[in-house]
Amino acid sequence: YQGIIGEIVEKGEKARKNGVLSLEADLPSIESTFLRNGIELAINERDSSRLRNYLNLELSNIQKRHQMGQEIFFYLGSYAPAFGMLGTVLGLIIMMKNFTAVSDTANATFSVAERFADLLGGMGLALITTFYGVFFANMIFLPIGGKLKRRSENELMLKSIVVEGIISIHAREHPILIREKLMTFVPS
């Protein structure tokens, strides 16, 4: 946050001395696309409320796109154990069907111990789908969704700082006031 706040304060000093239009020469050197586009809007837009609306609309659209990406992984995390249980139930059904099919007189040479060994081997195989469902949910999908959520929150906080900075530059506020206002976003 400190780097972007410093850059905004620097642009604020220049805009206060030479006018907002003087920032047009600096546009190619600004790395942040959001900051660059925001300053370009501030140069071209005279009404500060419309400028704020444009920037907040962009911020809102970014947030919606991020939430759609997060939801995919959260849904996968919630559905994976259910699909694992479905695999287990299907495996048990197939196992039980094969267990009862062996009971005819042609295969009477199987002992009860051999039948239960086959049954338990099939049960272990059936339960492995539950393991994979729970594993993928808790070790892959939910952590990825959580990481995307945290990254989105950090990016949106940074962009909120940029929005307030651009509005302050547009209003020709003093750079010291801009810095103090933007530092309220940063945890102490």
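Residues numbered from 1 in each chain as written. Predicted model: local features only at pLDDT ≥ 70, side-chain atom pairs only at ≥ 80, totals over all residues. Heavy atoms only, no water.

**Observations regarding unusual backbone geometry**
Here is step 1 of the chain: Here the phi dihedral of arginine 172 falls at roughly 60°; this positive angle occurs in a residue that is not glycine.
Here is step 2 of the chain: Take arginine 172: it is sitting in the loop between α4 (112–170) and α5 (175–183).
Here is step 3 of the chain: For arginine 172, a relative accessible area of 44% puts it in the partly exposed group. (Helix = DSSP H or I, 4+ residues; strand = E, 2+ residues; numbered from the N terminus. Buried < 20%, exposed > 50% of the residue type's maximum accessible area, 1.4 Å probe, protein only.)

**A look at the side chain of serine 22**
Here is step 1 of the chain: Secondary-structure assignment places serine 22 in the loop between α1 (2–18) and α2 (33–44).
Here is step 2 of the chain: Since its relative accessible area comes to 18%, serine 22 is described here as buried.
Here is step 3 of the chain: Side-chain polar atoms of serine 22 contact the backbone oxygen of glycine 19, separated by 2.6 Å.
Here is step 4 of the chain: Excluding anything up to four places from it in sequence, serine 22 contacts Lys14 and Ala15. (Polar contact = N/O pair within 3.5 Å; in protein donor to acceptor, adjacent residues only side chain to side chain. Contact = heavy atoms within 4.5 Å.)

**Thoughts on the pattern of salt bridges**
Here is step 1 of the chain: Within the structure shown, the criterion is met by seven salt bridges.
Here is step 2 of the chain: In this structure, lysine 11 and glutamate 10 form a salt bridge, with 3.8 Å as the shortest nitrogen-oxygen distance.
Here is step 3 of the chain: By relative accessible area, lysine 11 is classed as buried at 5%.
Here is step 4 of the chain: Residues participating in the shared-partner salt-bridge network are Glu10, Lys11, Lys14 and Asp26. (Salt bridge = Lys/Arg side-chain N within 4 Å of Asp/Glu carboxyl O.)

**Focus on a nonpolar patch on the surface**
Here is step 1 of the chain: On the surface, Tyr75, Tyr79, Phe83, Leu86, Val89, Leu90 and Ile93 cluster together into a nonpolar patch covering about 740 Å² of accessible area.
Here is step 2 of the chain: Here isoleucine 93 is to be found in helix α3 (residues 48–101). (Patch = residues over 30% accessible without salt bridge, like charges linked within 9 Å, V, L, I, M, F, W, Y side chains within 5 Å. Areas by Shrake-Rupley, 256 points an atom, 1.4 Å probe, with all protein chains shown as cover.)

**Some remarks on the side chain of glutamine 70**
Here is step 1 of the chain: Position of glutamine 70 relative to the elements: it lies in helix α3.
Here is step 2 of the chain: Setting aside anything within four residues of it in sequence, one finds glutamine 70 in contact with Gly145, Leu148, Lys149 and Ser152.

**What to know about the packing of α2 against α4**
Here is step 1 of the chain: Where α2 contacts α4, the two axes come as close as 10 Å, and the packing angle between them is 25°. In terms of axis orientation, α2 runs roughly parallel to α4. Note that α2 runs across α4; the crossing there is right-handed. Listed contacts from α4 to Phe34, Leu35, Gly38, Ile39 and Ala42 of α2 are Lys159, Val162, Val163, Ile166 and His170. (Axes fitted to C-alpha atoms, helices over the stretch in contact; angles between N-to-C directions. Parallel < 35°, antiparallel > 145°, perpendicular 65-115°, else oblique. Left-handed = near helix turned anticlockwise from the far one by under 90°.)

**Focus on the packing of aromatic side chains**
Here is step 1 of the chain: Summed over the entire model, instances satisfying the criterion amount to six aromatic pairs.
Here is step 2 of the chain: Among the aromatic residues, those joined into a ring-pair cluster are Phe131, Tyr132, Phe135, Phe136 and Phe141. (Phe/Tyr/Trp six-rings, centres within 6.5 Å; stacked < 30°, edge-to-face > 60°.)

**Looking at the environment of arginine 65**
Here is step 1 of the chain: Turning to its location among the elements, arginine 65 is positioned in helix α3.
Here is step 2 of the chain: Arginine 65 sits 87 residues away from serine 152 along the chain, and the two C-alpha atoms are 9.8 Å apart.

**Side note on the packing of α1 against α5**
Here is step 1 of the chain: Viewed as axis vectors pointing N to C, α1 and α5 meet at an angle of 155°, and their least axial separation amounts to 9 Å. It follows from the interaxial angle that α1 and α5 lie roughly antiparallel. Note that α1 runs across α5; the crossing there is right-handed. Between α1, through Gln2, Ile5, Gly6, Ile8, Val9, Gly12, Glu13 and Arg16, and α5, the contact on the second element is made entirely by Pro175, Ile178, Arg179, Leu182 and Met183.
Here is step 2 of the chain: The residue makeup of the contact of α1 with α5, split by class, is seven nonpolar, three polar and three charged. (Nonpolar A, V, L, I, M, F, W, Y, C, P; charged D, E, K, R; others polar.)

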